[in-house]
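The primary structure of each chain is shown beneath.
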Amino acid sequence: MATSHFLVSLLNGLSVGLLLFLLASGLTLIFSLMGVLNFAHASFYMLGAYVGATVAAGAGFWVALVVAPLVVGLAGAAFERWVLRRVHPQGHVAELLVTFGLAYVVVELVQLVWGRQPLAFEPPPALAGPLFTLVQAPAGLTLAWGAAPEACRGDAAWVCTQFPALRAFAMVLALALLGVLALALRTTRLGLVIRAALTHPQMVQALGHDVPQVLMLVFGAGTALAALAGVVGGVMRVTEPSMAQAVGPVVFALIVIGGLGSLGGAFVASLLLGVLDSFAVASDRSLADLAAALHWTPAPETAAWALWSVKLSQVAAILPYLLLVGVLVLRPRGLFGTREG
């Protein structure tokens, strides 16, 4: 692999991982502060993409980036107030089932309002082109800001790899969000009240704070973060009804890998899965290549040859779940999870 391709593949993996973290942060926030495993979280992500596309069509992408999280966050807060709070006394199983049902309701509502076909959602002009181009020429590796140089189009000896500005924006947004969340939860008065309400709700209530109101705010903020990820993800990928189904299982896998309720664990697991996916989908290596590197070649006529010859790109989609199984076997609490006292 050329050095330029390696570096851009690494950046692409980090951008995918940070987009996953942008989505997983809301789910982690809700679980860590409320103990609710929101199965409809990916549906709020999809709803954010559709609301964002609709707003962007009339007012532009930057307005949609603000309006869509607010709209979906209010919808999430209303769901917590009028539905989730009513089933809370029944325990976690009832909460899980009601969010599971909500996921299907949101998908059907999206299809009724916007249809089953993909929705056009284009990035703004400022994010439409490449941020930079890595040029691997015979003289060495150089970086060119913006579009590729003319030599990339006519000289076969030049290897030019572009990195989209939209992916760079998603990376900066996710990193800024991580900093804001960590700072808000640790230093602000509201953050301290939220953390205290998790472990000592009766004491917080006795001090004059409205704990149900705090929990509604947390759930609304978590769904707003999912919608923010949906706006960015809808532009980076495709805005369609199946987008929640495509990303939802991966997000649940990464929060388990990182450790349930751990924001730092979700961040590390997101980067790990993003980089792993980026390099796996572009790899044509197989177990047979690994065996050859170890100076052992399995016989093609053996029954296991079909498994040995499977390329890494063919199993890239199941790698997060293989990693999930491995982490659960070796460390059931996840990479950064803590054992309950």
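What you see is a predicted model, and the numbers here were worked out from it, not measured in a lab. (Residues numbered from 1 in each chain as written. Predicted model: local features only at pLDDT ≥ 70, side-chain atom pairs only at ≥ 80, totals over all residues. Heavy atoms only, no water.)

Caption draft 1: Inspection of the nonpolar core at higher detail. The biggest cluster of nonpolar side chains holds 89 residues, and the ones touching the most others in it are L22, F61, V232 and L254. Sort the elements by how many residues they give to this core and helix α1 (residues 3–34) lands first, with 14 residues. Beyond its immediate chain neighbours, meaning those up to four positions away, F61 contacts A56, F121, P124, L127, F169, V231 and V235. (Core = buried A, V, L, I, M, F, W, Y, C linked by side-chain atoms within 4.5 Å. Buried < 20%, exposed > 50% of the residue type's maximum accessible area, 1.4 Å probe, protein only. Helix = DSSP H or I, 4+ residues; strand = E, 2+ residues; numbered from the N terminus. Contact = heavy atoms within 4.5 Å.)

Caption draft 2: Focus on the UniProt feature "transmembrane region" (unreviewed entry) in the protein chain. Within this structure's numbering, the places UniProt gives as "transmembrane region" (unreviewed entry) are residues 6–24, 59–84, 96–114, 126–148, 169–194, 214–238, 250–276 and 305–330. Taken as a whole, residues 6–24 contains 100% helix and 0% strand, while its terminal C-alpha atoms sit 26 Å from one another. Structurally, residues 250–276 comprises 85% helix and 0% strand, and the distance from its first C-alpha atom to its last is 13 Å. (UniProt positions renumbered as here; feature names shortened; annotations may be inferred.)

Caption draft 3: Structural view of the pattern of salt bridges. Counted under the stated rule, the structure contains one salt bridge. R85 is the partner of E80 in a salt bridge, and the nearest nitrogen-oxygen pair spans 3.2 Å. (Salt bridge = Lys/Arg side-chain N within 4 Å of Asp/Glu carboxyl O.)

Caption draft 4: Summary view of the packing of helix α3 (residues 61–87) against helix α10 (residues 211–236). Contact pair α3 / α10: the axes reach a minimum separation of 7 Å and the direction vectors enclose 140°. In terms of their interaxial angle, α3 and α10 are classed as oblique. α10 is crossed by α3, and the crossing has right-handed handedness. Classifying every residue of the contact of α3 with α10 gives 19 nonpolar, five polar and three charged. (Axes fitted to C-alpha atoms, helices over the stretch in contact; angles between N-to-C directions. Parallel < 35°, antiparallel > 145°, perpendicular 65-115°, else oblique. Left-handed = near helix turned anticlockwise from the far one by under 90°. Nonpolar A, V, L, I, M, F, W, Y, C, P; charged D, E, K, R; others polar.)

Caption draft 5: Representation of the packing of aromatic side chains. One pass over the structure, following the stated rule, counts 12 aromatic pairs. Residues F6 and F279 carry aromatic rings whose centres are separated by 5.3 Å and whose planes lie at 45° to one another, so their mutual orientation is tilted. Of the two residues, F6 sits in helix α1 while F279 sits in helix α12 (residues 263–281), which places them 273 residues apart along the sequence. Residue classification places F6 among the partly exposed positions, given a relative accessible area of 40%. (Phe/Tyr/Trp six-rings, centres within 6.5 Å; stacked < 30°, edge-to-face > 60°.)

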